[in-house]
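Descriptive analysis of the structure
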Amino acid sequence: MILLLIQKWLKRTDKTKTSSAGAPIEDEVAAIRAGDEALRGDVIARYQPYVAKTASRFCKRYIHPESDDEYSIALSAFNEAIDAFDPQAGRAFLSFAETVIRRRLTDYVRKEQRHASHIPQSAFLMEDDEGETYDPIEVDASVDRYKLDRENEERKLEIETLNRELADYGITFGDLVDGSPKHEDTRRSLIGIGALISRDSALYGPLTNKKSLPLKELSERVDVSRKTLERGRKYIIAVALIHLGNYPHLQSFVAPSASVSSGAGAAAHRGENKGWED
């Protein structure tokens, strides 16, 4: 999720016509329809920003992936588009997917409107202490929008600050996006290692003072080969800096699981050769 936020901030989410390996999305869809279900999950995860953007454009407001039903409907529609796409029809897949998403959202909106039409607006009105009437649903929605806008702005500021801090280590957001391990187990293990560094002055001291990962010390502390640590160096540094700094929103995306914290990277050791496969 944190990499998706970074991609959005960098305005890279429109560059999704091809995969990270350079294959056209139409070729990936063909492979999925031929039975590659593992690729389906990868494609859906990679195109989540596109789905959210399409839903937001249709609804004419920001659609939050974690709280808005419209996002779930749009994501389901994108998966439906994969199964229904016909390359012989002469349309690009993303154009076809947008059509399916818009149709499903239209169905959803019409259903909601039909339901709302049976409930009079006055049924929702309440009185405050001064006798003024108000709609609590509208008030709650306004408060939620304010909180969401504020959180988005805070996250943006955190990402901008992190970007400047990473520059001192010779790391860019592009490095993190391009060099992120593809396997979830490996990512979780590297997140655990980054969190471990932030809790131990013997590890974060050399990191912050010398601007480099203490590979020798880490090799003695975790069950991960030096080669794996070197390949995940930039990712680990970024996670450690997030935990060390004032990044409450970003920290929620790199919180290590209990198993990773205790194991400190056994999964990364098991998957060190496949963790960065495309």
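Sequence positions are assigned chain by chain, starting from 1 and proceeding in written order. Thresholds applied to this predicted model are a pLDDT of at least 70 for local features of residues and 80 or more for the giving and counting of side-chain atom pairs; totals over whole chains, interfaces and linings are not thresholded and use all residues. Computation of side-chain values: all heavy atoms of the structure, hydrogens and water removed.

A word on the overall build of the protein. If you tally the helices and strands in the protein, you get 16 helices and 2 strands. Buried positions account for 38% of the 278 residues belonging to the protein. A contact between two residues is defined here by any heavy atoms of the two lying within 4.5 Å. Of the contacts made within the protein by residues no fewer than 6 positions apart, 65% connect residues no fewer than 24 positions apart. In this description, accessible areas are obtained by the Shrake-Rupley approach with a 1.4 Å probe, and a residue is regarded as covered only by the protein chains that are shown. As presented, the protein carries roughly 15800 Å² of accessible surface, and 49% of it is formed by carbon and sulfur atoms. Each helix is a run of DSSP H or I of at least 4 residues and each strand a run of E of at least 2, with the numbering of both proceeding from the N terminus. Partly exposed describes any residue whose relative accessible area lies between the buried limit of under 20% and the exposed limit of over 50%, with all areas from a 1.4 Å probe on protein chains only and scaled to the type maximum.

All buried positions along helix H3 (residues 37–46) are accounted for by Leu 39, Arg 40, Val 43 and Ile 44. Projected down its long axis, H3 carries its buried residues within an arc of 135°, all on one side. Where H3 is buried, its residues meet helix H2 (25–33), helix H4 (48–59) and helix H5 (69–84). Taken from the helix axis, the directions to the C-beta atoms give the arc we talk about.

With that out of the way, let us pick up the pattern of salt bridges. Here a salt bridge means any side-chain nitrogen of Lys or Arg lying within 4 Å of a carboxyl oxygen belonging to Asp or Glu. Evaluation of the coordinates by the stated rule reveals 16 salt bridges. Note that Glu 220 is salt-bridged to Lys 216, the shortest N-O span being 3.1 Å. One end of the pair, Glu 220, and the other, Lys 216, are both in helix H11 (residues 215–221), 4 residues apart, so they sit about a helical turn from each other. Close ionic contact of Arg 226 with Glu 230 constitutes a salt bridge, the shortest N to O distance being 3.3 Å. With Arg 226 and Glu 230 both in helix H12 (residues 226–231) and 4 residues apart, this pair spans about one turn of that helix. With relative accessibility at 43%, the residue Arg 226 sits in the partly exposed group. Judged by its relative accessible area of 41%, Glu 230 falls in the partly exposed class. One continuous salt-bridge network, built from bridges that share partners, spans Glu 28, Asp 42 and Arg 46.

In this section: unusual backbone geometry. What is expected of a backbone is that most residues other than glycine have negative phi and most peptide bonds are trans. You will see that Lys 60, though not glycine, has its phi angle at about 60°, which is positive. In this structure Lys 60 comes out as exposed when scored by relative accessible area, which is 73%. For Lys 211, which is not a glycine, the phi torsion comes out positive at approximately 60°. Looking at the secondary structure, you find Lys 211 in the loop between helix H10 (201–210) and H11. A residue is classified by how much of its surface remains accessible, and Lys 211, at 35% relative accessible area, is partly exposed.

What follows deals with the packing of H10 against helix H13 (residues 233–244). What counts as an axis is a line fitted to C-alpha atoms, over the stretch in contact for a helix, and the angles between N-to-C directions run from 0 to 180 degrees. Two elements in contact, H10 and H13, have axes separated by 12 Å at closest approach and are oriented at 100°. Accordingly, the angle class assigned to the pair H10 and H13 is roughly perpendicular. Contacts from Tyr 204, Leu 207 and Thr 208 of H10 reach H13 at Ile 237, Ala 240 and Leu 244. Each residue belonging to the contact of H10 with H13 can be placed in one class, and the counts come to 5 nonpolar, 1 polar and no charged. Throughout, the term roughly parallel applies to angles under 35 degrees, roughly antiparallel to angles over 145, roughly perpendicular to angles from 65 to 115, and oblique to all others. Each residue is assigned to one of three groups, with Ala, Val, Leu, Ile, Met, Phe, Trp, Tyr, Cys and Pro labelled nonpolar, Asp, Glu, Lys and Arg labelled charged, and all others, Gly among them, labelled polar.

A separate point is the environment of Leu 75. Residue position: Leu 75 is located in helix H5. Through-space distance from the C-alpha of Leu 75 to that of Ala 55 is 9.1 Å; in sequence the pair is 20 residues apart. Sequence-distant contacts of Leu 75, defined by excluding residues within four places in its chain, comprise Ile 44, Gln 48 and Val 51.

Next up on the list: the nonpolar core. With 31 residues, the main nonpolar core has Leu 162, Leu 166, Ile 193, Ile 197 and Leu 229 as its most contacted residues. Going through the elements one at a time, helix H7 (136–167), helix H8 (173–179), helix H9 (184–199), H10, H11 and H13 are the ones with two or more residues in this core. Ranked by residue count, the leading element in this core is H13, at 8 residues. We define the nonpolar core as a collection of buried residues of types Ala, Val, Leu, Ile, Met, Phe, Trp, Tyr and Cys that are connected through side-chain atoms lying within 4.5 Å of one another. The next biggest cluster of nonpolar side chains, apart from the first, holds 27 residues, and it includes Ile 25, Tyr 50, Ala 77 and Val 100.

This part is about the packing of H9 against H13. When two helices pack together, you describe them by how their axes are tilted relative to each other and by the distance separating the axes. Two numbers describe how H9 lies on H13: the axes approach to 8 Å, and their chain directions differ by 50°. Classified by the interaxial angle, the pair formed by H9 and H13 is oblique. Crossing handedness for the pair H9 and H13: right-handed. The segment H9 lies against H13, with Arg 187, Leu 190, Ile 191, Ile 193, Gly 194, Ala 195, Ile 197 and Ser 198 engaging Tyr 235, Ile 236, Val 239, Ala 240, His 243 and Leu 244. For the contact of H9 with H13, the per-class residue count stands at 10 nonpolar, 3 polar and 1 charged. Should the near helix be turned anticlockwise from the far one by less than a right angle, the crossing is left-handed, and should it be turned clockwise, the crossing is right-handed.

Per-residue pLDDT for the protein averages 79, and the proportion of residues at 70 or more is 73%. Values of pLDDT, the confidence the predictor places in each residue, fall between 0 and 100. Here helix H16 (residues 266–270) stands out as the element of the protein with the lowest mean pLDDT, 43, in contrast to H13, whose mean of 94 is the highest. Confidence over residues 12–21 falls short of pLDDT 50; this stretch has 25 contacts with residues more than four positions distant or in other chains. Contacts from residues 259–274, a stretch scored under 50 in pLDDT, to residues over four places away or in other chains number 27 contacts.

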